[in-house]
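Secondary and tertiary structure notes
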Amino acid sequence: MKLYNTLSGKLETFHSSNDVVKMYVCGVTPYSQSHVGHVLRAVVFDVLRRYLEFKGFLVKHVENFTDIDDKMIQRAESTGVSTNKLADDNINIYLSEIKEMNILPAHVYPRATQEIPKIIEMIEGLIGKGFAYCIEGNVYFRVRKDEDYGKLGRRSLDTMIAGSRVEIDENKEDVMDFALWKCEKPGEPSWDSPWGYGRPGWHIECSAMALSHLGFPIDIHGGGQDLVFPHHENEIAQSESYVGSEPMSRYWLHNGLVRLGSGKMSKSDGNLVTVKDALQNHSADELRLFFLSAHYRSPLSYTEEGVSTQTRAVERLRNAVRSTSPGGSSYTVQIGDFKKRFISAMDDDLNTPRALAVLFELSRHINKGIENGYNVVQIQDTLQGLCNVLGLTLAEPIFNREPEFFPLINLLVDTNAELRSRGREDLSGNMYEQLRVSGISIEEILGVGGQAPKSLDGFSSSDADKIITILVELRDIIRSEGLYELSDSIRERFGDLGFILEDSSTGTKWKRS
RNA sequence: GGCGACGUAGCCAAGUGGUUUAAGGCGGGGGUCUGCAAAACCUCUAUUCGGCGGUUCGAAUCCGCCCGUCGCCUCCA
């Protein structure tokens, strides 16, 4: 497998250094809700992890939360909560969104504030070796001492300083020196240290967490492209200077950034769509397919329309996997060839667009096989398996009780009235008998005969399924008797409720849209 | 100002010297099936890869220039 290593600027063949692939991915600063860019990053590294595991590697995945920094402090102050509470709340939201996106949870989620001893230990070590110095309670990293500083971003100190917008701090020896430890300011959270009360600077927490949870060196260090400089550059400088060897990470992987409108999606600029809003309008599979339809290193423009077009594509895969296969002889397709093509695409720096093309071709073969009466179970299993490697669930959309249930009952009642007005008490009676057998009482639900309407709490998705199935079967009878006007109107009303009815010679199938 | 990325059909997006007179998805046209619709299948939808030059037997793919979009150099996934 080849991966693009930012450090070398080339595709490199990936080898694990030992039994377990040690992967550290830079997570979020939990001062507010996450946006689509964060979840894209999470999906990219989720796919990397799933694919490594598919290839037989064991992966230890660590993802951090930087739960103390300027933004955390500002936001906590302005909302009147502690930085801890702020972090807890946003972390909980993030983790539930990760789950909804079918992203495998990291094995460890360390938090900066819980790694203070390790951070202090590292800073002391850096001072001891002359890589850092303390001035008035602040500790800075001495970039001039680190001769290969700038190697990740491929830039030199001098070109960076020329024409740059680095803030001038008279205390620092060099404008490019960055803070390892920041002196306490009144009212801010702080920890005791050899340099007085204060808090860690940005960057050092990741070095400390990677070192304590994964050791040195690690195999893969990941994050968004906007972290290359200065965050990852500084991590390298600190970690390699502290340990006294290199590399800190054998591979550095960076995903492309999400664009919204004319610029990149960004939390601090407020140019964003939250994960919450995205998941309100789109399913996890739709979002994931949208992300994976472009290469992970290219920028991706987020538009509602762009994600929405994935609805049909997801459905295509879902239909192929879920359609009932005829029994009998197997459809002859070289499954091995498709798997090979999938693997060769993924081996090529996770070329998910090419991998997806293979999945869509498999889908077409499944449908063709079914149409010709062949057994396609094996191909379906292959497709489902490869979808799993990409983290696509192909799950049916979830039943939403409140908006669906009463309209469904209304449809049932109206259909009943229609039948009776046509003098088909036989069919209406038949329907009620079916409902009774299924343990569903319309009278109870509607509260007929002076009873209070029954609460919906007792009804589940499977009750809704029963009612739908009974109605669909009834409609089949209506259809077979040529009452097309009525059957079409029932299908239309199902459509309004978000259900698709597909008629065929072997009966009617229904599904949620 | 410095460094870097990108520009492929109506839209999204692979392909980076010859089995590609350019995958796949969405959209659209035509057809098959069907009472109709949907799904599905078949078929068509870029003689051409931002523009202009050059290298080569041969370029979307390499080189040069130009135009355009974006990222980093400052907090950022």
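These lines cover the structure that appears in this document, whether it is placed above or below. Model, not experiment: these values are computed from the prediction.

Quick notes on the rules
- Residues numbered from 1 in each chain as written.
- Chains lettered and ligands numbered in written order.
- Predicted model: local features only at pLDDT ≥ 70, side-chain atom pairs only at ≥ 80, totals over all residues.
- Heavy atoms only, no water.
- Axes fitted to C-alpha atoms, helices over the stretch in contact; angles between N-to-C directions.
- Helix = DSSP H or I, 4+ residues; strand = E, 2+ residues; numbered from the N terminus.
- Parallel < 35°, antiparallel > 145°, perpendicular 65-115°, else oblique.
- Contact = heavy atoms within 4.5 Å.
- Pairing = 2+ DSSP bridges.
- Core = buried A, V, L, I, M, F, W, Y, C linked by side-chain atoms within 4.5 Å.
- Buried < 20%, exposed > 50% of the residue type's maximum accessible area, 1.4 Å probe, protein only.
- Phe/Tyr/Trp six-rings, centres within 6.5 Å; stacked < 30°, edge-to-face > 60°.
- Lys NZ or Arg CZ within 6 Å of the ring centre and 35° of its normal.
- Left-handed = near helix turned anticlockwise from the far one by under 90°.
- Nonpolar A, V, L, I, M, F, W, Y, C, P; charged D, E, K, R; others polar.
- Patch = residues over 30% accessible without salt bridge, like charges linked within 9 Å, V, L, I, M, F, W, Y side chains within 5 Å.
- Areas by Shrake-Rupley, 256 points an atom, 1.4 Å probe, with all protein chains shown as cover.
- Salt bridge = Lys/Arg side-chain N within 4 Å of Asp/Glu carboxyl O.
- Lys, Arg positive; Asp, Glu negative; His and termini not counted.
- Charge placed at Lys NZ, Arg CZ, Asp CG, Glu CD.
- Arc of directions from axis to C-beta.
- Polar contact = N/O pair within 3.5 Å; in protein donor to acceptor, adjacent residues only side chain to side chain.

Concerning the packing of helix α9 (residues 284-292) against helix α11 (residues 310-322)
Relative orientation and spacing of two packed helices are given, respectively, by the angle between their axes and the distance between those axes. Packing of α9 against α11 brings their axes to within 9 Å, and their N-to-C directions diverge by 105°. As judged from the angle between their axes, α9 and α11 are roughly perpendicular. Counting all contacts with α9, which are made through D285, E286, L289 and F290, the residues of α11 involved are Q310, T311, A313, V314 and L317.

Focus: the sheet that holds strand β5 (residues 132-135)
Think of a sheet as strands paired side by side through backbone hydrogen bonds, with each pair either parallel or antiparallel. Taking strand neighbours across the sheet as the criterion, the four strands line up as β5-β6-β7-β8 in an open arrangement whose pairing is antiparallel. The open sheet has two free edges, formed respectively by β5 and β8 (198-200), since each of these has just one partner strand. Put simply, the sheet's adjacent strands are angled 20° from each other on average, direction ignored. Of the strand pairs in this sheet, strand β6 (residues 138-141) and strand β7 (residues 178-183) are connected by three bridges, and their pairing is antiparallel. Of the residues in β7, the one forming a bridge with F141 is F178.

Examining the nonpolar core
Within soluble globular proteins, side chains that are nonpolar generally end up buried alongside one another. In terms of nonpolar packing, the biggest core is built from 78 residues, with F291, Y302 and F342 touching the most fellow members. Top contributing element to this core by residue count: helix α1 (residues 36-54), with eleven residues. Setting aside its immediate chain neighbours within four residues, F342 contacts Y51, A355, V358, L359, L386, V389 and L390. One finds L427, M431, I467 and V472 within the second-largest nonpolar core, a separate group that totals 25 residues.

Observations regarding the packing of aromatic side chains
A complete count under the given rule lists 15 aromatic pairs for this structure. Aromatic side chains F14 and Y251 sit 4.9 Å apart centroid to centroid with 50° between the ring planes, which places their arrangement in the tilted category. Taken as a pair, F14 in the loop between β2 (10-13) and β3 (20-25) and Y251 in strand β10 (residues 249-255) lie far apart in primary sequence, 237 residues in all. Of the two residues, F14 and Y251, neither departs from the other in class, the shared state being buried. Measuring from ring centre to ring centre gives 5.7 Å for Y51 and F54, while their planes differ by 25°; the resulting arrangement is stacked. Pair noted here: Y51 and F54 are both in helix α1, with a separation of three residues, about one helical turn. For Y51, a relative accessible area of 0% puts it in the buried group. An aromatic cluster is built from F14, F57 and Y251, whose rings are joined through pairwise contacts. The residue whose ring lies beneath K267 is Y31, and the NZ or CZ to ring-centre distance is 4.4 Å. The ring centre of Y4 lies 4.0 Å from the NZ or CZ of R297, which sits over that ring.

So, the sheet that holds strand β11 (residues 258-260)
In space, the three strands of this open sheet follow the order β12-β11-β13, with mixed pairing throughout. In this open sheet, the two edge strands, each paired with only one partner strand, are β12 (263-264) and β13 (300-301). Note that β11 and β12 share two bridges and pair antiparallel. Note on β12: the bridge partner recorded for L260 is G263.

Considering the packing of α1 against helix α12 (residues 335-347)
Two elements in contact, α1 and α12, have axes separated by 12 Å at closest approach and are oriented at 130°. Classified by the angle their axes make, α1 and α12 are oblique. Note that α1 runs across α12; the crossing there is left-handed. In this structure, α1 contributes V47, Y51 and F54 to the contact, and α12 contributes F342, I343, M346 and D347. Within the contact of α1 with α12, the residues separate by chemical class into six nonpolar, no polar and one charged.

Considering the pairing of β7
Bridge count between β7 and β8: three bridges; the pairing is antiparallel. Looking at β8, one finds that C183 is bridged to G198.

Considerations on a positive patch on the surface
Taken together, the side chains of R312, R316, R364 and K368 present a region of like positive charge at the surface. Of all the elements in the fold, those that place two or more residues in the positive patch are α11 and α13 (352-371). Exposure remark for R316: the relative accessible area of 37% places this residue in the partly exposed category.

Details of helix α2 (residues 70-79)
The set of residues buried in α2 consists of M72, I73 and A76. For α2, the angular spread of the buried residues around the axis is 95°, confining them to a single face. Facing away from the buried side of α2, by more than 90 degrees, are the exposed residues Q74 and S78. Of the residues that open α2, the one with a side-chain oxygen 3.1 Å from the backbone nitrogen of K71 is D69. Remark: G80 follows α2 within two positions and exhibits a positive phi of approximately 75°.

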